[in-house]
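# Secondary and tertiary structure notes
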Amino acid sequence: MNFVTILIILFLVLFLGYPFVFGKKEPVPKGPSLKDIEEEIEREVKLLRKKQKKIFFCPKCGSIYNPADRFCGNCGIKLQP
Ligand SMILES: [Zn+2]
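Within each chain, residue numbers correspond to sequence positions counted from 1 in written order. Note on the predicted model: pLDDT of at least 70 is required for a residue's local features to be given, and 80 or more for side-chain atom pairs to be given and counted; whole-chain, interface and lining totals, by contrast, use all residues.

### Observations concerning the overall build of the chain
Cut-off, in case you're wondering: Runs of H or I in DSSP of at least four residues are treated as helices and runs of E of at least two as strands, each being numbered from the N terminus. Exposure in this text rests on C-beta crowding, where 20 or more other C-beta atoms within 10 Å of a residue's own make it buried, 12 or fewer make it exposed, and counts in between make it partly exposed. The C-beta atoms are placed from the backbone.
The secondary structure content of the chain amounts to 2 helices and 2 strands. Listing each helix as α and each strand as β along the chain from the N terminus yields α-α-β-β. Counting only residues that meet the buried cut, the chain has 1% of its 81 residues in that class.

### Structural notes on the environment of glycine 76
Along the chain, glycine 76 falls in the segment after β2 (64-65). Each C-alpha atom of the pair glycine 76 and lysine 60 lies 9.4 Å from the other, and the pair is 16 residues apart in sequence.

### Quick notes on the confidence of the model for the chain
The criterion, for reference: What pLDDT reports is the predictor's confidence in each residue, on a scale of 0 through 100.
Per-residue pLDDT for the chain has a mean of 82; in total, 83% of the residues score no lower than 70. Averaged over each element, pLDDT in the chain is lowest for helix α1 (residues 3-23) (75) and highest for helix α2 (residues 34-51) (89).

### Re the environment of asparagine 66
By secondary structure assignment, the location of asparagine 66 is in the segment after β2. Expressed as a C-alpha distance, the spacing of asparagine 66 and isoleucine 55, which sit 11 residues apart in the sequence, is 7.6 Å.

Here it is, written out as structure tokens:
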């Protein structure tokens, strides 16, 4: 084994190994993990279902409105809480 062979092997190792050593910068997840997101969605859905137990209908147009709304989103009438 001479010096050139060693150089070629070294070059091949560097060339093939480059993407694994330096190329991957993205796969490090910085945001919340998938499990965290699922839990967040579950929480939101439960909250929404709780809110939807009481359904309010606009006295003027009959469309459903949120109890927190002050005005009807459909016709714009002022809503009484
Ligand atoms: Zn309305």
